[in-house]
Structure formats: C-alpha cells, structure tokens
Amino acid sequence: MEKNCLTTLCYLERDDQYLMLHRVSKKNDINKDKWIGVGGHALTGESPEECLLREVKEETGYTLISWKFRGIVTFVTETGLTEYMCLYTADQFTGTEIACDEGVLEWVPKEQVLHLPIWEGDRIFLRLLEEDAPFFSLKLRYDQNRLVEAVLNGIPMELFEERIFDGSTTGVVMERNTAHREGRGHGTAHIWIVRKNQKSGCDVLLQKRSAHKDSNPGCYDISSAGHLSVGDSYPDAALRELREELGICAEHEDLREIGMHEVESKKVFYGKLFWDHEISTVYLYEKPVEINSLVLQESEVESVRWMDLEECMEAVRSGTIENCIDPGELEMIRKNVPMMHAFSENSIW
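These lines cover the structure that appears in this document, whether it is placed above or below. Because the structure is a prediction, the values reported are computed rather than measured.

For the protein, the helix and strand inventory stands at 7 helices and 19 strands. Seen along its three principal axes, the alpha-carbon backbone of the protein occupies a region of about 85 × 40 × 30 Å. Within the span of the protein, comprising 349 residues, buried residues form 52% of the whole. For the protein, the exposed surface amounts to about 17200 Å²; the carbon and sulfur share of it is 50%. Charge-centre separation for the protein: the mean point of 38 positive side chains lies 0 Å from the mean point of 63 negative side chains.

Structure follows, in structure tokens:
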C-alpha cells in the first residue's frame, strides 16, 4: 500500500445548502454510512484541480465553473498511510445531477449538516468553512475511527472527551471549539478556595478572568477551574489548574469533593456563539492561602479577591459584580461549610 496519497473533497453550495454524499453503497468503505462532500483519489499525473473536476463530474454529473481552494487536510491513520486532501468549495456549476454509485446525493441545509453522522475532524473544517477562515492546513490523526490529534496551522488543538451527566465518557473525542459550538457535554474541574471568617462564616476566593479570554472576559469566576483533556481524571485536572492558574502545588488529599454539577449556557462572544455544557466535579480547597503569595497565570487570571460567601451569593443574584458564577455552586459551598449561625468559638473547621 502507498504510504502517501493525494485526494480532493468538494462541498458544492446552493441556496445555503451543501451537496452531501451519504456513503452507503461501497463495500469495505472507510466512510461507510458517513455523510461527506464529493471527491476522491488523484490519478497518476493529475493535479488537484484536474482531480477535483473529474471526481465531481463522475459522482454528481455537474461541471464546476467556479470553485475555491480552502485548505489542505492531512490525515494520519494507525496503518501508516498519510493522505493529503485538498479541500474545496464550489458555488457555480452546470449540468444535470446523476445518481452516484458510491452512495446517495442530497442537498442538505448547512445548519443541519452537523446533525448528520459525520467524522469528528470534518466538524472542525466545516466550522472553518462556515467562518470563511483564510487558507488553512489541518492535520487529523485517528486511531480506530477515534480522533486522537488535531493540529491547525501547526498549532495543536485541544481535544475533549464527550461526557454525560454523571461524568462518564461516551467514547467520542471532540475538539474544544466544536464542543462549544454544538453544546456537547464535556468535563471540567471546579476548585473553590475557602477560608473561615467572622461574618457568614466563610470567605470564597474569586478570580477575575483575563480580558483576553475567549469567553466571559473580565468576569469574576470560580477560584480555579479548567477543562479535562483526553485521558484526564477530575482530581488530576483540579490539581493542574490550581498549579497553573494560581501557583498552588496541592496534593489529592488537599481536595474535598462536594459533588457533581451540570450547567449549560448560551452566550455570544466576539460575534460567535459559545454554547457551554459543563459536567463538573466541584472541590473545596481549605488550606491557608495568602493572596500575595499566589503566582497568577497572566493569560488566564487578571486578579483575585476574597469575598464573604453570603455577600457573594447576593452579588451574583443581583448582578452587582460582573460574573460567570453559577449560583448552584455557591449553594453547594453553603451546604458543605459551617455558616456563622452554626459556628461557635469552640467549633473546629
């Protein structure tokens, strides 16, 4: 088998629809039952454009008269084969559509394409097409049909495992922006740093998110929090985030788990939908912390401040501080630390 091959893939556009091919006809088809654009392997001596025109004509009956080269997608598989796929869109063509011997052709509204059975990597480049991204180079590596690596223009992309309400994984790996575009469940670790006070009984440490964050910039948030990447456990992610964001080197026994929390929200940042669906494990960190001794990760955290828990709950409810805190987590803290009404000088916390 060849170690390298050149292919083309084209998405024909008409009335805000893509012409999609449901691959149901060929035996031993790696794309069996998936929906993709149209295209195929280049013949010996063919240029990418010659391959594009021939494959589209053979599979659809259309002759392209206007197309655009959008990017190169490099596929790497466990077999050692590397495929270089030239990705195109086409908005003008002539001819009459024919039946395709590789599957069923169907014009699908663009907003519905993501609801079809498609490859996880396809979700990435379809988003780039939708955003009219400049010419790009995307590397995708699969292991037994599971996405294990995505690299855009030489920069690794963050991958998440899809999770359900109890934190368990579905086996699907997805790219970060894909998860936030489609509202798919993913894991996060939330760590609340708390200390005893003489008001309500408890202060919480709030972090102010960097003004450069892609979501909720400049808002007050959980003491420390972060996503679970592929292979992460919740406790390991919690310890990593404490270390990276605040410079706190903690151990597993320093974390007190107080429950799972699922929250979903839709907001728009920088003109793009951010559909967040977090499946979180919530922890308390109760060891002494001095703000002046913290080492803040500038790209993530602008500043930190202590705030009385009851005052924080009221500020979040009333919106008197700009925040992205879910009140449900503050209630979890309230139920798991001694409040002033239950506190006495002889009690130990």
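Okay, back to it.
Time to look at the side chain of R54. When you line up the elements, R54 lands in helix α1 (residues 48–60). The class for R54 is buried, based on a relative accessible area of 18%. Residues contacting R54, with those up to four places away along its chain left out, are H41, A42, L43 and E46.

This part takes up unusual backbone geometry. Comment: phi is negative for the bulk of residues other than glycine, and the bulk of peptide bonds are trans. Positive phi, normally seen in glycine, also occurs at D33, with a value near 70°. The residue D33 is located in the loop between β2 (17–22) and β3 (35–36) in this model. Accessibility expressed as a relative area gives 41% for D33, which makes it partly exposed. Positioned with a positive phi, Y270 is a non-glycine residue whose angle comes to about 55°. With respect to the element layout, Y270 can be found in the loop between β17 (255–269) and β18 (272–285). In this structure Y270 comes out as exposed when scored by relative accessible area, which is 59%.

The computed volume of the second largest pocket comes to approximately 760 Å³. Along its surface, the second largest pocket is lined by 32 residues, and D29, I30, N31, H41 and E83 are the ones closest to its centre. Where the lining of the second largest pocket is concerned, the elements lending two or more residues are β1 (4–14), β4 (38–41), α1, β6 (82–94) and α3 (120–130). At 4 residues, the largest contribution of residues to the lining of the second largest pocket is made by β4. Taken together, the residues that form the lining of the second largest pocket break down as 10 nonpolar, 12 polar and 10 charged.

What follows deals with the environment of E329. Secondary-structure assignment places E329 in helix α7 (residues 327–336). Here E329 falls in the buried class, since its relative accessible area comes to 2%. With 268 residues separating them along the chain, E329 and G61 place their C-alpha atoms 57 Å apart. Excluding anything up to four places from it in sequence, E329 contacts H190, W192, I222, H261 and V282.

The next point concerns the state of the cysteines. On inspection of all chains with the given rule, the structure shows 0 disulfides. Left unpaired, C5 is separated from the closest cysteine sulfur, that of C51, by 10 Å.

Below, the discussion takes up the pattern of salt bridges. Under the definition given, this model contains 35 salt bridges. With a closest N to O distance of 3.8 Å, R176 and D214 form a salt bridge. Highlighted residues: R176 in helix α4 (residues 176–182) and D214 in the loop between β14 (202–209) and β15 (220–221), separated in sequence by 38 residues. Here the salt bridges share partners, and the residues they tie into one network are E120, R123, E162, E182 and R184.

A few words on the packing of helix α6 (residues 309–318) against α7. Here α6 crosses α7 at 165°, and the two axes come no closer than 10 Å. As judged from the angle between their axes, α6 and α7 are roughly antiparallel. Here α6 and α7 pass one another in a crossing that is left-handed. Contact residues: α6 offers L309, E310, C312, M313, V316 and R317, while α7 offers P327, L330, E331, I333 and R334. A per-class count over the contact of α6 with α7 returns 7 nonpolar, no polar and 4 charged.

Cut-offs and rules
Residues numbered from 1 in each chain as written. Predicted model: local features only at pLDDT ≥ 70, side-chain atom pairs only at ≥ 80, totals over all residues. Heavy atoms only, no water. Helix = DSSP H or I, 4+ residues; strand = E, 2+ residues; numbered from the N terminus. Buried < 20%, exposed > 50% of the residue type's maximum accessible area, 1.4 Å probe, protein only. Areas by Shrake-Rupley, 256 points an atom, 1.4 Å probe, with all protein chains shown as cover. Lys, Arg positive; Asp, Glu negative; His and termini not counted. Charge placed at Lys NZ, Arg CZ, Asp CG, Glu CD. Contact = heavy atoms within 4.5 Å. 1 Å grid on protein atoms, 1.4 Å probe; cavity = no way out; pocket = protein on both sides within 12 Å on 5 of 7 lines; lining within 4 Å. Points joined across faces, edges and corners; volume = space filled by probe spheres on them. Nonpolar A, V, L, I, M, F, W, Y, C, P; charged D, E, K, R; others polar. Disulfide = S-S within 2.5 Å. Salt bridge = Lys/Arg side-chain N within 4 Å of Asp/Glu carboxyl O. Axes fitted to C-alpha atoms, helices over the stretch in contact; angles between N-to-C directions. Parallel < 35°, antiparallel > 145°, perpendicular 65-115°, else oblique. Left-handed = near helix turned anticlockwise from the far one by under 90°.

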